[in-house]
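Overview (structure and organization)
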Amino acid sequence: MKMILSAACALLLFYIQRYIYKRIWKKNLGVTVSFVTPFAVEGENSALSEVIENKKAFPVPVLRVKFSFARGLSLTGGENVTRSDKVYKNDIFSVMPYMRIIRTHEFLCEKRGFYTVDSVSLTSSDLLMSAKFTDVRPNGGQCAEFSVYPARADVARLLPVFSKIMGQREAKAQQPDPFAFRGIRDYAPFDPMRDINWKATAKTGDLKVNVHASTRAGEVRLALDLEPDSDWADNGVREEEIRIAATLASLFVQKGEEVSLASNGRDIVTQASANMKSGCGPGHLTAMKETLARIDLEKGCAPFQKTAQRLLDNVGEKQETVLITGAKGTAKTAFYEQLARPGGLHIIFVVRPDAGALPEIREANVTRWEVHY
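In what follows, the accompanying structure is described.

To continue, consider the pairing of strand S12 (residues 145-149). Regular strands place their side chains on alternate faces of the sheet. Across the five residues of S12, four count as buried, placing the element largely inside the fold. Direction of pairing for strand S2 (residues 39-41) relative to S12: parallel, over a ladder of three bridges. Its bridge partner lying in S12, Phe39 is registered against Ser147. Sheet analysis places strand S9 (residues 113-116) next to S12, joined by four bridges and oriented antiparallel. Looking at the pairing, Thr116 lines up with Glu145 of S12.

What follows is the structure, given as structure tokens:
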């Protein structure tokens, strides 16, 4: 009789603990996955943080945490990692009452892009591991989005193009307008004494000078044509186009030039064409790199004709347009020549070494940029 009673009590306790854990296992259980930094550059290393926090008096004997993100970030070590359509991370924890666990996973930014960890999948059990409980919840990480900016293109190869454009802009430039105030910056040895802003100097303790707006109009317009010549798209060439655009933007912003972006590449989030209005300064450059990082080549491209028309609808004689394209055929020659007529046009054709001769574009400066990788 005692054995029967003991077995009955044990069976009762078994179902009680299963019932309790089914109801409370995920209560006050926090799981977040966040990137340590919001961005990095292609080829750099970064990390993400996995935080598990149990804020109740009951332990979670087994907790399986699974999350995923798009391919392009390579987790160092590769433990509990599966790569298929995405990269899947699958970790197992034993979480005691009022316990907090933090794990950091380093990764290599193999590919430019925009990455998110949208949700986490949780699997647990009761104390005796007789039942399985699951839950999928939105990821609560404060930095669950991560951008990989384009790597820097070969600056030595770009300098001749950059110098030619800057030379033409200087030739068009007029003297600064002393009545048009643009901003304040640090004093440089070549600045005249009359430009010193004594009020800002007294406030900061460092010499500051006024920056006057130039009477010249327009900006440097970066036009990025990612539409391939045929049904087969060479993503190696198109990625190099994006790197060149990012590098040129950096060079122009460092020189204080206004830069805009017109592209037929699609934003991975909005699905709209990736464009940027004219601007200057570090904040504008960061926004432009973010825009370039979010171009998803798998989403296809808008026809270049639409991009060209946007440029032609807003053109000035003192603007310089830099067109970066991998389309080496003659189908778009007419569009390119239209862009060359209103102002300066510089075309960088990004091609493979065996691409053959490039089309002749009247009134445009043409550069051949070969991609060997």
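More follows now that the structure is in view.
Tallying each qualifying case throughout the model produces nine aromatic pairs. Plain terms: the ring middles of Phe39 and Tyr149 are 4.8 Å apart, the flat faces sit at 10 degrees to each other, and that makes the pair stacked. Here Tyr149 lies in strand S12 and Phe39 lies in strand S2, a separation of 110 residues in the sequence. Of the residues examined, Phe39 reaches a relative accessible area of 40% and is grouped as partly exposed. Overall, the relative accessible area of 5% leaves Tyr149 in the buried class.

Glancing now at the nonpolar core. Nonpolar side chains in soluble globular proteins tend to end up buried together. With 36 residues, the main nonpolar core has Leu222, Leu248 and Ile348 as its most contacted residues. Examining the composition of this core, we find that 10 residues originate from one element, helix H4 (residues 235-254), more than from any other. Residues in contact with Leu222, not counting those within four places in the same chain, are Ala245, Leu248, Ala249, Phe252, Val259, Ser260, Leu261, Ala262, Met288 and Val322. Counting residues in each nonpolar core, the second largest holds 31 residues, with Tyr21, Leu63, Leu75 and Phe133 among its members.

On the surface, Leu12, Leu13, Ile16, Tyr19, Ile20 and Phe58 cluster together to form a nonpolar patch covering roughly 580 Å² of accessible area. Residue position: Ile16 is located in helix H1 (residues 2-24). When its relative accessible area of 38% is taken as the criterion, Ile16 is described as partly exposed.

Attention now goes to H4. Compared with an ideal rise of 1.5 Å per residue, which puts 20 residues at 28 Å, H4 spans 29 Å between its outermost C-alpha atoms and is within 8% of the ideal. Of all 20 residues that make up H4, 17 are buried, and the element is covered over most of its length. With a side-chain oxygen lying 3.1 Å from the backbone nitrogen of Gly236, the N-terminal cap of H4 falls on Asp234. Looking at the residues trailing H4, positive phi occurs at Gly256, about 80 degrees.

Calculation notes
- Residues numbered from 1 in each chain as written.
- Predicted model: local features only at pLDDT ≥ 70, side-chain atom pairs only at ≥ 80, totals over all residues.
- Heavy atoms only, no water.
- Buried < 20%, exposed > 50% of the residue type's maximum accessible area, 1.4 Å probe, protein only.
- Helix = DSSP H or I, 4+ residues; strand = E, 2+ residues; numbered from the N terminus.
- Pairing = 2+ DSSP bridges.
- Phe/Tyr/Trp six-rings, centres within 6.5 Å; stacked < 30°, edge-to-face > 60°.
- Core = buried A, V, L, I, M, F, W, Y, C linked by side-chain atoms within 4.5 Å.
- Contact = heavy atoms within 4.5 Å.
- Patch = residues over 30% accessible without salt bridge, like charges linked within 9 Å, V, L, I, M, F, W, Y side chains within 5 Å.
- Areas by Shrake-Rupley, 256 points an atom, 1.4 Å probe, with all protein chains shown as cover.
- Salt bridge = Lys/Arg side-chain N within 4 Å of Asp/Glu carboxyl O.
- Expected span 1.5 Å × (residues − 1).
- Polar contact = N/O pair within 3.5 Å; in protein donor to acceptor, adjacent residues only side chain to side chain.

No statement about biological role is implied by the geometric values presented.
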